[in-house]
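Fold and contact review
Chain by chain, the residues:
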Amino acid sequence: MNFELKFSALNTLSTVKTGALLILVDPKHQEASGQIKNSKSVASKKSEPKDSSLSGLIAQSLHAAHLQSKSPRVQLLWNIPGVTANPVILAHLGAAQLKDLKNALQQGLSTLKTAAPECAHLSIFLPDVSGQRLQTVMQAVADSAYVYTTTKPSAKASNLSKVSLHAPILGQTPKVQFDQSNAQEAFREGAARVEGMAFAKEWGNRPANHATPTMLGKAALSLAKYPKINVQVLGPREVAKLGMGSFMSVAKGSEEPLRFIVMHYNGAPKSSAPVVLVGKGITFDTGGISLKPGAGMDEMKFDMCGAASVLGVFKSLGELGPKINVVGLIPACENMPDGRAVKPGDVVTSMSGQTIENLNTDAEGRLILCDALTYAERFKPRAIIDIATLTGACIIALGHLRSGLFAAQDQLAADLMEAGERTLDPCWRLPLDEEYAEGLKSNFADTANVADRSAGSITAAKFLQRFVGTMNWAHLDIAGSAWKSSGPGKGATGRPVPLLLSYLIEEAQAAQFTPLTSTPKAKSSTTASKRKKA
Ligand code: BES
Ligand code: MN
Ligand code: ZN
């Protein structure tokens, strides 16, 4: 889909060449900017509308009683005299929050889908040029037009090929010019975001026989077409050489060979410490010998959505080119039961040297992530973030709205929280008190891979924390947010690409003012200073 950004006065859109026109109506803004001068006179004669200009239509619409409700309301108008676009859809914003904008758009777009499914060119008029709002619009359009076709060629892809975003011209003052260049930048970021999300959805949605570890490796290699991206894909022999005994133990039950994917995005000088992203890439999770129940097991094809989000972020970075270094690590394998599979009670040695008693082979995500986290240390990252569909318990705790966020350092937690809020890809912080690690104690290894059922998401995070030392680390549990299990939107969501990309762009901007050579955001605790010496 092609997006374009234009600055246009509302009434010039009457004659704009387009299929449909969607106008987002924000009463406050429209009145404030004086675009509706005659709203009162129109209201008094609303039985007989005189003004068929677009601003006149909005004025009438604003005074229609049934559109006054708080929730967004949509009006579908055909064949308006003097207006080229057909149909015109007015979508009223409820309140001023980003969420209200998203809701209004979703309603407007679903009205469009039903009324004019063949529409190829959509123009949208936005009431303002704020960057976050612009990106929210772009994402809503891309989400609404998304159709998965790879293993369903009969599915009809959306006809929508061009979307023109029209932001208002607010005047010619320097302030407005500043807003316009900000809007241009936000627009580029929005375009990169939707590309990355589409890539993440594609790989998330593919069934496990169309998204094997080998195929994930190829997907990563395809991103090396971007000049700033390098990709290496390691196989079983190289992984054995690295000593990733924990990762290898999970792959043992599968006929599919494991892959360890290492991606570099080089947007800043070599001396600049990277952010490392680690994505869980279990391409199918049967549970292994601790086999999962059959019902709904198909959904475990989504167990590589963490990996897919890392691939998606790299796609976005390739498109956008921000000044930051990012390393992407993806341990990818299947978790299968077999004569050769790892068994409950088996003890394996991780790359860190710590031994692990595997008390439940279904707690496999942490077993592949821990070796990737150890591998990440060599990059001396300014921050390391792992993304994983790690625990069913996270769905119990937070449902499908917010991802679980764990972080050792408050600054990183706050930065990720904010990135989630501004992209409507929210997360929520959960605690990491030492007491939660009690249950992981084992008589037969340095640690067990599971504790009892209580606080399952937290004990999983405590397990991972054993492998990050004093790195500036965060963990996102996306078990509830990475895909939808039912409804018309069943499938991968592309989350948390928006959160991660926005965080990285913010980091890149901050780096223009502070040197990136150390981990400036980590609070210097005793452990953090120990690390600097190491
Ligand atoms: N991939 C699952 C977690 C999961 C389950 C995500 C359902 C989304 C929906 C993970 O590998 C797993 O099986 N976790 C176990 C851990 C348990 C054995 C301690 C779980 O959540 O039940
Ligand atoms: Mn599992
Ligand atoms: Zn899993």
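1. What to know about the overall build of the protein chain
Per the secondary structure count, the protein chain includes 16 helices and 20 strands. Per-residue burial for the protein chain yields a buried fraction of 55% across its 534 residues. Across the protein chain, contacts joining residues at least 24 apart in sequence account for 78% of those joining residues at least 6 apart. Counting every atom, the protein chain has about 22,500 Å² of accessible surface; 54% of that belongs to carbon and sulfur.

2. Quick word on the site of ligand 1
Near ligand 1 there are 17 residues, and of these Lys292, Asp303, Asp362, Glu364 and Gly392 occur at the shortest range. Asp285 is positioned with one of its side-chain polar atoms (N or O) 2.9 Å from an oxygen atom of ligand 1. The protein chains hide 77% of the 510 Å² of surface that ligand 1 would expose on its own. Partitioned by chemical class, the residues of the shell around ligand 1 number six nonpolar, four polar and seven charged.

3. Considering the packing of aromatic side chains
Considering all chains together, one arrives at five aromatic pairs under this definition. Measuring from ring centre to ring centre gives 5.1 Å for Phe463 and Phe467, while their planes differ by 45°; the resulting arrangement is tilted. Just as Phe463 is buried, Phe467 falls in that class too. Over the aromatic face of Tyr146 sits the side chain of Lys201, whose NZ or CZ is 4.7 Å from the ring centroid. Between the NZ or CZ atom of Lys315 and the centre of the ring of Phe199, over which it lies, the distance is 5.4 Å.

4. Observations regarding the coordination of the zinc ion (ligand 3)
Under perfect tetrahedral coordination by four donors, a metal shows angles of 109.5 degrees; under perfect octahedral coordination by six donors, it shows angles of 90 or 180 degrees. Protein coordination at the zinc ion (ligand 3): the donors are Lys280 (NZ), Asp285 (OD), Asp303 (OD) and Glu364 (OE), at 2.0 to 2.4 Å from the metal. Each of the six donor atoms bound to the zinc ion (ligand 3) contributes to angles spanning 79 to 174°, and the resulting shape is octahedral. Counting the intervening residues between successive donors of the zinc ion (ligand 3) yields the motif K-x4-D-x17-D-x60-E. Separating the zinc ion (ligand 3) from the manganese ion (ligand 2) is a gap of 3.2 Å, bridged by Asp285, which donates to each.

5. Overview of the confidence of the model for the protein chain
Here the protein chain averages 91 in pLDDT, and 89% of its residues register 70 or above. Confidence drops under a pLDDT of 50 for residues 32-49, and excluding neighbours within four residues, the segment shows 17 contacts in the predicted structure. For residues 518-534, every residue scores under 50 in pLDDT, and the model assigns this stretch 23 contacts once sequence neighbours within four places are set aside.

6. Regarding the coordination of the manganese ion (ligand 2)
Looking at the manganese ion (ligand 2), one finds its protein donor set to be Asp285 (OD), Asp362 (O), Asp362 (OD) and Glu364 (OE), positioned 2.0 to 2.2 Å from the metal centre. Viewed at the metal, the six donor atoms of the manganese ion (ligand 2) are separated by angles of 71 to 167°, and the geometry they form is irregular. Counting the intervening residues between successive donors of the manganese ion (ligand 2) yields the motif D-x76-D-x1-E.

7. A short note on the sheet that holds strand β5 (residues 121-125)
Taken in spatial order, the six strands line up as β1-β6-β5-β2-β4-β3 in an open sheet, and their pairing is mixed. What marks the edges here is a single partner per strand, and that holds for β1 (2-7) and β3 (74-77). Each adjacent strand pair in this sheet contributes to an overall mean axis angle of 20°, direction not counted. Alignment of strand β2 (residues 20-25) against β5, held across four bridges, turns out to be parallel. Counted as the bridge partner of Leu21 is Ser123 from β5. Lying on the sheet, helix α4 (residues 98-115) is in contact with β2, β3, β4 (88-92) and β5; it crosses β2 at an angle near 155°. Along the sheet face, helix α5 (residues 131-145) touches β1, β2, β5 and β6 (162-167) and points at about 160° away from the line of β6.

8. Points about the pairing of strand β18 (residues 473-477)
For β18, the buried fraction is high: five of the five residues fall into the buried class. Because side chains alternate across β18, one face comprises the buried residues Trp473, His475 and Asp477, and the other comprises Ala474 and Leu476, equally buried. Two strands pair when backbone bridges link them, and strand β14 (residues 383-388) and β18 are joined in this way by five bridges, in the parallel orientation. Looking at the pairing, Ala388 lines up with Asp477 of β18. Both strand β15 (residues 403-407) and β18 contribute to a ladder of four bridges, which runs antiparallel. Paired with Leu405 across the two strands is Leu476, which belongs to β18.

9. Side note on the sheet that holds strand β12 (residues 347-349)
Pairing is mixed across the open sheet formed by three strands, whose spatial order is β12-β13-β17. Each edge of the open sheet is held by one strand with a lone partner, namely β12 and β17 (447-448). Here β12 runs beside strand β13 (residues 355-357); their pairing, made up of three bridges, is antiparallel. Within the sheet, the bridge partner assigned to Val348 lies in β13 and is Ile356.

10. Structural notes on the packing of α4 against α5
It is at 9 Å that the axes of α4 and α5 come closest, and there the two elements cross at 35°. Along this stretch, α4 crosses α5, giving a crossing that reads as right-handed. For the pair formed by α4 and α5, the contact residues are Leu98, Leu101, Lys102, Leu105, Leu109 and Lys113 on the first element and Gln132, Arg133, Thr136, Val137, Ala140, Val141 and Ser144 on the second. Considering only residue class, the contact of α4 with α5 consists of seven nonpolar, three polar and three charged.

11. Thoughts on the environment of Ala482
Inspection of the secondary structure puts Ala482 in the loop between β18 and β19 (483-484). Sequence separation between Ala482 and Thr493 is eleven residues, and the spatial gap between their C-alpha atoms is 5.5 Å.

The rules behind the values
Residues numbered from 1 in each chain as written. Chains lettered and ligands numbered in written order. Predicted model: local features only at pLDDT ≥ 70, side-chain atom pairs only at ≥ 80, totals over all residues. Heavy atoms only, no water. Helix = DSSP H or I, 4+ residues; strand = E, 2+ residues; numbered from the N terminus. Buried < 20%, exposed > 50% of the residue type's maximum accessible area, 1.4 Å probe, protein only. Contact = heavy atoms within 4.5 Å. Areas by Shrake-Rupley, 256 points an atom, 1.4 Å probe, with all protein chains shown as cover. Near = heavy atom within 4 Å. Polar contact = N/O pair within 3.5 Å; in protein donor to acceptor, adjacent residues only side chain to side chain. Nonpolar A, V, L, I, M, F, W, Y, C, P; charged D, E, K, R; others polar. Phe/Tyr/Trp six-rings, centres within 6.5 Å; stacked < 30°, edge-to-face > 60°. Lys NZ or Arg CZ within 6 Å of the ring centre and 35° of its normal. Donors = N, O, S within 2.8 Å, 3.2 Å for Na, K, Ca; no water. Tetrahedral: all angles 85-135°; square planar, octahedral: opposite > 155°, others 65-115°. pLDDT = per-residue confidence, 0-100. Pairing = 2+ DSSP bridges. Axes fitted to C-alpha atoms, helices over the stretch in contact; angles between N-to-C directions. Left-handed = near helix turned anticlockwise from the far one by under 90°.

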